[in-house]
Amino acid sequence: LGQNVFGDNLERTINNKTINNRPLECKQFRSVTEATNCQILFISASEKDRFPKIMDALRGTSVLTVSETDQFIEAGGMINFVIEANKIHFQINDEAAKKSGLTISSKLLSLAVHPH
């Protein structure tokens, strides 16, 4: 959702891949209402000012929200990628995931860094 920061890299990466015999598909959404039926939604930094409205619109859905933007976790996002010491790490808002009916594995939770 928002500006595409991946170019065609994400599409090429998941092209012809399946999970549980279901093909992965990459779609660009122009509005959050279009995205309420997806399973994972990457929300671009271009939408930072709209994070609260986006999270409100997704309430009650089981959409895993992902970004790479400051304050995403605090706004109710679930997974946020951050760069620390030239390495990519991720933060997890397990409470937000639980409210959406999603369970994040304890192993993944143990690898997450905490927001500062």
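Sequence order sets the numbering: in each chain, residues are counted from 1 along the sequence as written. Where totals are concerned, whole chains, interfaces and linings use all residues; where local detail is concerned, this predicted model gives features only for residues with pLDDT of at least 70, and gives and counts side-chain atom pairs only at 80 or more. To obtain the side-chain values, all non-hydrogen atoms of the structure were included, while hydrogens and water were left out.

Caption draft 1: Representation of helix α2 (residues 51-58) within the structure. Of the positions making up α2, those classed as buried are Phe51, Ile54, Met55 and Leu58. Projected onto a plane normal to the axis of α2, the buried residues spread over an arc of 95° and lie on a single side. Whether two residues are in contact is decided by their heavy atoms, any of which lying within 4.5 Å being enough. A run of H or I in DSSP becomes a helix once it reaches four residues, and a run of E becomes a strand once it reaches two; helices and strands are each numbered from the N terminus. Where α2 is buried, its residues meet β3 (40-42) and β4 (64-67). Positive phi shows up at Gly60, right after α2, with a value of about 90°. Only protein chains enter the calculation, and the probe is 1.4 Å; a residue is then buried if its accessible area is under 20% of its type maximum, exposed if over 50%, and partly exposed in between. Here the arc refers to the set of directions running from the helix axis out to each C-beta atom.

Caption draft 2: The arrangement of the pattern of salt bridges in detail. Each salt bridge in this description consists of a side-chain nitrogen of Lys or Arg and a carboxyl oxygen of Asp or Glu lying within 4 Å of one another. A full pass over the atoms with the stated rule returns five salt bridges. Its salt-bridge partner being Asp8, residue Arg12 comes within 3.9 Å of it at the nearest N-O pair. With relative accessibility at 44%, the residue Asp8 sits in the partly exposed group.

Caption draft 3: Here's a closer look at the sheet that holds strand β6 (residues 87-92). For two strands to count as paired, DSSP must find a minimum of two bridges between them. Read from one edge to the other, the open sheet built from four strands follows the order β3-β4-β5-β6, with strand pairing classed as mixed. The open sheet has two free edges, formed respectively by β3 and β6, since each of these has just one partner strand. Averaged over all pairs of adjacent strands, the angle between their axes in this sheet comes to 25°, without regard to strand direction. Judged from the three bridges that link them, β3 and β4 form a sheet pairing that is parallel. Considered in β4, the bridge of Leu41 is made with Thr65. What counts as an axis is a line fitted to C-alpha atoms, over the stretch in contact for a helix, and the angles between N-to-C directions run from 0 to 180 degrees.

Caption draft 4: Just the environment of Pro115, in detail. Within the secondary structure, Pro115 sits in the segment after α4 (106-111). On the accessibility criterion, Pro115 (34% relative accessible area) is partly exposed. The spatial distance from the C-alpha of Pro115 to the C-alpha of Asp70 is 9.3 Å, given a sequence separation of 45 residues. Contacts of Pro115, omitting those with residues within four sequence positions, involve Ile73, Glu74 and Gln91.

Caption draft 5: The arrangement of the confidence of the model for the protein in detail. pLDDT is a residue-level measure of predictor confidence that goes from 0 to 100. Across the protein, the average pLDDT comes to 93, with 99% of residues at or above 70. Taken element by element, the protein is modelled with least confidence in helix α1 (residues 9-14), mean pLDDT 89, and with most confidence in β4, mean pLDDT 97.

Caption draft 6: Geometry of the environment of Phe51. Inspection of the secondary structure assignment puts Phe51 in helix α2. For Phe51, a relative accessible area of 2% gives the class buried. In this structure, the C-alpha to C-alpha distance between Phe51 and Ile104, residues 53 residues apart in sequence, is 21 Å. Those residues in contact with Phe51, other than ones at most four positions away along the chain, are Ile43, Ser44, Ser67, Thr69, Phe72 and Ala75.

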